[in-house]
Structure formats: structure tokens, C-alpha cells
Amino acid sequence: PLLLLAGMTLVEISRNSRAQVEQGQTDTTRALALAVDGEVRSWRTALEALAASRSLEPGRMAEFSEEARQVAAQHEGWIVINDAKGQQQLNTLLPLGAPLPKTGAREMVEAVFREGKPVTDMVFGAVAQRYIISNSVPVFRGGKVVFCLSLNFGPERLTQLLQRQQ
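What you are looking at is a predicted structure, and each value in this text was computed from that prediction instead of being measured.

Enquirer: Can you walk me through the sheet that holds strand β3 (residues 119–125) in this structure?
Expert: What links the strands of a sheet is backbone hydrogen bonding, and the strands pair in either a parallel or an antiparallel sense. A sheet is described by the order of its strands in space; here five strands give the open sequence β2-β1-β5-β4-β3, paired in antiparallel fashion. Of all the strands in the sheet, just β2 (88–91) and β3 have a single pairing partner and so form its edges. The mean angle between the axes of side-by-side strands here comes to 30°, regardless of whether they run parallel or antiparallel. The sheet contacts of helix α3 (residues 106–115) involve β1 (78–82), β3, β4 (130–141) and β5 (144–153), and relative to β5 the element is tilted by about 140°.

If you want it as C-alpha cells, here you go:
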């Protein structure tokens, strides 16, 4: 009887231990997801403020470029503006006035124009020449989407965020 009681006790301890480990993993996953979600919201808030900037009007690209560079530096990324055809109009990785390619993220840009909503995705950066995390928002003028404004990062930015969560 004592051996049977000891065996049942070990089984119960094992079950409780496994449940605690699973709960800990669930809590960790939830915390990491909240941290990433908070960071994405922060990026979108910065982008939406930049999208509403008066300097993003025709003939004021130099002024807007300076604003965009400041926002990009604060978030350790870079800013890109694409028109409806996917042509980059500004990329803070390059000097203002430098020749710019078409986007490497055509589907994402099209989705922003089509849906008029923010999109976050991993895409291939035409200037960066590597895969990047792109957070994009529509720029509206007169109720119509006129630009896709993106704040971009290398994937290592997410790795750093996750590492800070320990």
C-alpha cells in the first residue's frame, strides 16, 4: 500500500509539474506577443503622424525627407514612400534626389492602396537588398490613398526586441 501511494503521488507531482511548465510557456509566449504588438503599434502611430504631416505636400519633399529621417532614426529603421505604381518617391537609406527603384514589395503596396489600411509584412527591400520587416500605412488626401508610407527594419530589430524580454 505504501508503494502504491508513493507511485500515485509521483504521478500527481509529475502532472502538476508538467502543467506548470506548460503554463509558464504560455505566459512567456503571451508576453512576447504583447511586446511585439506594442512595438508594431508604436511604429504605426509614428507613421500615421508622419502621414498627416503638412510637409508631405507637393513641392515640399526636402522638408518631409528631414522629418522622415528623424522618425526613422528614433525607431532605428528607414522610411520609404511609394506611389500607386510601386515607384519609390523617397527612401531615407539614400540621399534625397538619388535615383530610386520600384518597390520590391509590390503586393504589400497594392494592398495598402486597395484596402486603405495598415499592413505589416516581411518583404524583400529593393534598396536594402535583403528581407526586411515593413510596416506600411496609407497616406490619404481628399479621401483617396495617394501614397504608401513605410517604416522598415532588418529582422534583427525583432530579435533585439525579443531578447530584451528575456
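From this point, the discussion proceeds with the structure in view.
Enquirer: Any chance you could explain the nonpolar core here in plain terms?
Expert: The tendency in soluble globular proteins is for nonpolar side chains to be buried side by side. Judged by nonpolar contacts, the single largest core of 20 residues is most densely connected at Leu50, Phe64, Ile79, Ile81 and Leu149. Here this core takes six residues from helix α1 (residues 2–51), the largest share from any one element. Ignoring anything within four residues of it in the chain, the contact list for Ile79 reads Leu47, Leu50, Ala68, Val71, Ala72, Leu90, Asn91, Thr92, Leu149, Ser150 and Leu151. In this structure, Met108, Val112, Val119 and Val145 belong to the second largest nonpolar core, which totals 13 residues.

Enquirer: Help me understand the pattern of salt bridges in this model?
Expert: Side chains that carry opposite charge are capable of pairing whenever their charged atoms lie near each other. Inspection of every chain in the model, using the stated rule, returns five salt bridges. Put simply, Glu57 and Arg141 hold a salt bridge, and the shortest N to O gap is 3.1 Å. Separated by 84 residues along the polypeptide, Glu57 in the loop between α1 and α2 (61–74) and Arg141 in strand β4 bring together distant segments of the chain. In this structure Glu57 comes out as partly exposed when scored by relative accessible area, which is 36%. Relative accessible area serves as the criterion here: at 25%, Arg141 is assigned to the partly exposed category.

Enquirer: I would appreciate a short explanation of the pairing of β3 in the present structure.
Expert: For a regular strand, the rule is simple: side chains alternate between the two faces of the sheet. For β3 and β4, the ladder comprises seven bridges, and the chain directions are antiparallel. Residue pairing across strands places Phe124 opposite Tyr131, the latter belonging to β4. Counting the residues in the hairpin turn of β3 and β4 gives four residues, including Gln129, whose phi is positive at 55°.

Enquirer: Just checking my understanding: could you explain the pairing of β2 for this structure?
Expert: Examined bridge by bridge, β1 and β2 share three bridges and lie antiparallel to one another. Across the sheet, Val80 pairs through a bridge with Asn91, a residue of β2. Between β1 and β2, which follow one another and run antiparallel, lie five residues, and Gly86 among them has a positive phi close to 85°.

Criteria and thresholds
- Residues numbered from 1 in each chain as written.
- Predicted model: local features only at pLDDT ≥ 70, side-chain atom pairs only at ≥ 80, totals over all residues.
- Heavy atoms only, no water.
- Pairing = 2+ DSSP bridges.
- Helix = DSSP H or I, 4+ residues; strand = E, 2+ residues; numbered from the N terminus.
- Axes fitted to C-alpha atoms, helices over the stretch in contact; angles between N-to-C directions.
- Contact = heavy atoms within 4.5 Å.
- Core = buried A, V, L, I, M, F, W, Y, C linked by side-chain atoms within 4.5 Å.
- Buried < 20%, exposed > 50% of the residue type's maximum accessible area, 1.4 Å probe, protein only.
- Salt bridge = Lys/Arg side-chain N within 4 Å of Asp/Glu carboxyl O.

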